[in-house]
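Residues per chain are reported as follows:
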Amino acid sequence: MSFDPKSQRFDANEEYNQIPARFQIKTEEETNWRTNRKVRKPKKSKQQVVAELADASHVSEGSFKITYKPARYEAIWLQASLEPFFTQALIEDVLALVKGGKEANVYLCRATPHLPVRYIAAKVYRPRQFRNLRNDKMYREGRELLNSLGTPIKDRDNREMRAIRNKTSFGAELTHISWLMHEYVTLQRLHQLGAAVPLPIGAGDNAILMDFIGAPGQPAPVLHGLSLPLSEARHHFTEIMRNIELMLHHGMIHGDLSAYNILYWEGTITLIDFPQVTLSESNHNAYRIFQRDVQRVCEYFAQQGVECDARQLVEKLWGDYVKTAPDRTVSDLE
Ligand SMILES: Nc1ncnc2c1ncn2[C@@H]1O[C@H](COP(=O)(O)OP(=O)(O)OP(=O)(O)O)[C@@H](O)[C@H]1O
Ligand SMILES: [Mg+2]
């Protein structure tokens with residue numbers, strides 16, 4: 001995927017122009033859909049898609065002026081996800097798409113001057129219908145359901161819990177918000193603990209804001225694909241293990257750690273992408289997930305010439321910080 005400085009776009013954007021065809025939504029010219037002229041009732045899945053997009057279009061056109069030129073359908077989604085941050089005076093412009101991922105797009109934004117950073121990375125989750133859902137069930141075990149304020153929804157019998165159990169679209173929306181808020185709350189917690197993570201700046205129903213790592217036109221690359229001199233590689237390996245240890249000490253496992261989710265910029269590394277954060281003592285798969293994280297990190301650093309024994313590291317850290325045996329949780333102990 002390449003960045004075109006003129007259009008300020010990556011190829012990934014073309015995807016949004018495929019959305020009408022993929023879901024057989026007629027284009028604006030064909031239906032006057034945006035002007036609310038009556039159109040034939042679409043089937044359910046399309047209806048949901050249109051409803052989601054139309055929901056977003058209540059925001060009056062013209063009030064959302066940004067430098068970046070999104071594709072038509074991306075524009076509606078982007079405005080709905082980011083406009084609240086303009087209102088809250090957190091961002092004042094969207095400058096470029098940094099990367100289009102499977103679940104989210106990350107945009108470079110200009111921060112308002114009162115903030116301690118100049119640029120912000122906005123991770124905007126795709127509308128549910130256009131997202132490649134990860135197998136999130138495995139990571140959710142033992143985690144609380146978080147509302148959009150990042151606080152746990154407690155009562156197991158309330159409306160929210162029923163919606164999730166009955167797999168209604170409201171339930172799916174709640175699960176989505178909880179997934180996103182776990183990423184944000186984890187960033188906040190880790191930042192406070194002194195981990196190498198971006199500074200969290202804000203969260204909404206469909207996006208999180210954090211410190212942008214890199215420079216405009218030059219986002220920090222991920223470690224994967226980078227060759228490091230041995231002494232530097234050793235240094236970063238130690239720093240990543242410090243972060244893994246810090247997380248485990250506080251009951252957390254990244255859940256998707258690899259050289260793809262570690263940014264490298266001006267000699268420092270930053271861990272990103274936390275929605276899969278897993279609780280070490282309340283998830284039956286925690287040990288396996290932890291093994292996989294450490295294994296993947298070791299694979300990259302072994303290629304750089306660093307000696308590391310993933311099995312030994314896993315056993316030592318697990319023994320030091322986790323009181324439950326592999327495949328067991330605290331509730332099994334009760
Ligand atoms: N704070 C940041 N500063 C600079 N770039 C970032 C930042 N956060 C994310 N990115 C860029 O956006 C990409 C996607 O972010 P992230 O890994 O959080 O989302 P994702 O949906 O898991 O994407 P992918 O499917 O590519 O893993 C990263 O690989 C990185 O290139
Ligand atoms: Mg990622």
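The structure displayed is predicted, hence computed values, not measured ones.

Asker: Help me understand the pairing of strand β12 (residues 268–271), please; the structure alone is not making it clear to me.
Answerer: Both faces of the sheet carry side chains from a regular strand, because those side chains alternate between them. Two strands pair when backbone bridges link them, and strand β11 (residues 262–265) and β12 are joined in this way by four bridges, in the antiparallel orientation. Each bridged residue has a counterpart across the sheet, and for Tyr264 the counterpart in β12 is Ile269. The turn joining β11 and β12, which pair antiparallel and follow one another in sequence, is formed by two residues; a positive phi near 45° is taken by Glu266.

Asker: Explain helix α8 (residues 230–249) to me, please; I cannot follow it from the model alone.
Answerer: The α-helix winds at 3.6 residues per turn, so residues separated by three or four positions along the chain end up facing the same way. Helix length check: α8 (20 residues) gives 28 Å between terminal C-alpha atoms against 28 Å at 1.5 Å per residue, within 8%. Listed as buried for α8 are Ala233, His236, Phe237, Ile240, Met241, Asn243, Ile244, Leu246, Met247 and Leu248. Looking at the buried positions of α8, the neighbouring elements they touch are α7 (169–193), β10 (252–253), β11, β12, α9 (286–303) and α10 (310–321). Count one or two residues on from α8 and you reach Gly251, which has phi positive near 80°.

Asker: Can you help me understand the packing of α9 against α10 in this one?
Answerer: A packed helix pair is summarised by two numbers, namely the angle formed by the two axes and the spacing between the axes. Where α9 contacts α10, the axes come no closer than 9 Å and their chain directions differ by 135°. Between α9 and α10, the angle falls in the class oblique. Where α9 crosses over α10, the two elements pack in a sense that is right-handed. Here Ala286, Tyr287, Phe290, Gln291, Val294, Gln295 and Cys298 of α9 come into contact with α10, specifically with Ala310, Leu313, Val314, Glu315, Leu317 and Trp318. For the contact of α9 with α10, a count of residues per class yields ten nonpolar, two polar and one charged.

Asker: Could you clarify how one ought to interpret the coordination of the magnesium ion (ligand 2) in this entry?
Answerer: Around a metal, the ideal angle is 109.5 degrees if four donors adopt a tetrahedral arrangement and 90 or 180 degrees if six donors adopt an octahedral arrangement. At the metal site, the magnesium ion (ligand 2) is ligated by Asn261 (OD1) and Asp273 (OD), and these contacts range over 2.2 to 2.3 Å. Linking Asn261 in the loop between β10 and β11 with Asp273 in the loop between β12 and β13 (278–279), this pair joins segments that are twelve residues apart in sequence. Each member of the pair, Asn261 together with Asp273, is buried.

Asker: Just to check I follow, could you spell out the packing of aromatic side chains for this structure?
Answerer: The description of an aromatic ring pair uses the distance of the two centres, along with the angle that the planes make with each other. Counted by the stated rule, this structure contains six aromatic pairs. Ring plane angle 65° and centroid distance 5.1 Å describe the contact between Phe64 and Phe86, whose orientation is recorded as edge-to-face. Separated by 22 residues along the polypeptide, Phe64 in the loop between α3 (44–56) and α4 (72–87) and Phe86 in helix α4 bring together distant segments of the chain. Since its relative accessible area comes to 13%, Phe64 is described here as buried. Centroid distance Phe290 to Trp318: 5.9 Å. Interplanar angle 45°. Geometry classified as tilted. Residue Phe290 is located in helix α9, and its partner Trp318 is located in helix α10; the two are separated by 28 residues in the primary sequence. We note that Phe290, like Trp318, is buried.

Asker: Help me understand the pairing of strand β7 (residues 207–211) in this model?
Answerer: In terms of burial, β7 is a largely internal element, four of the five residues being buried. With three bridges joining them, strand β6 (residues 200–203) and β7 adopt antiparallel strand pairing. In the strand pairing of β7, Ala203 is matched with Ile208. A loop of three residues connects β6 with β7, the two strands running antiparallel in sequence.

Asker: How should I be thinking about the site of ligand 1 in this particular structure?
Answerer: Of all residues adjacent to ligand 1, which total 19 residues, the nearest are Lys99, Lys123, Asp211, Ile213 and Asp273. A distance of 2.7 Å separates an oxygen atom of ligand 1 from a polar atom in the side chain of Lys99. The contact in question runs from an oxygen atom of ligand 1 to an N or O atom on the side chain of Asn261, over 3.1 Å. For ligand 1, whose free accessible area comes to 600 Å², the fraction covered by protein is 93%.

Asker: Quick question: what am I supposed to make of the pattern of salt bridges here?
Answerer: Oppositely charged side chains may form a pair once their charged atoms are brought near each other. Tallied over the full model, the rule gives eleven salt bridges. With a closest N to O distance of 3.8 Å, Arg110 and Asp93 form a salt bridge. With Arg110 in strand β4 (residues 104–111) and Asp93 in strand β3 (residues 91–100), this residue pair connects regions lying 17 residues apart in the sequence. Each of Glu92, Asp93 and Arg110 takes part in one network of salt bridges that share partners.

Asker: Sorry, what's going on with the side chain of Glu74 here?
Answerer: Structurally, Glu74 is set in helix α4. Given a relative accessible area of 0%, Glu74 falls into the buried group. Polar contacts involving the side chain of Glu74 include one to the side chain of Tyr68, which spans 2.9 Å.

Conventions we followed
Residues numbered from 1 in each chain as written. Chains lettered and ligands numbered in written order. Predicted model: local features only at pLDDT ≥ 70, side-chain atom pairs only at ≥ 80, totals over all residues. Heavy atoms only, no water. Pairing = 2+ DSSP bridges. Helix = DSSP H or I, 4+ residues; strand = E, 2+ residues; numbered from the N terminus. Expected span 1.5 Å × (residues − 1). Buried < 20%, exposed > 50% of the residue type's maximum accessible area, 1.4 Å probe, protein only. Contact = heavy atoms within 4.5 Å. Axes fitted to C-alpha atoms, helices over the stretch in contact; angles between N-to-C directions. Parallel < 35°, antiparallel > 145°, perpendicular 65-115°, else oblique. Left-handed = near helix turned anticlockwise from the far one by under 90°. Nonpolar A, V, L, I, M, F, W, Y, C, P; charged D, E, K, R; others polar. Donors = N, O, S within 2.8 Å, 3.2 Å for Na, K, Ca; no water. Phe/Tyr/Trp six-rings, centres within 6.5 Å; stacked < 30°, edge-to-face > 60°. Near = heavy atom within 4 Å. Polar contact = N/O pair within 3.5 Å; in protein donor to acceptor, adjacent residues only side chain to side chain. Areas by Shrake-Rupley, 256 points an atom, 1.4 Å probe, with all protein chains shown as cover. Salt bridge = Lys/Arg side-chain N within 4 Å of Asp/Glu carboxyl O.

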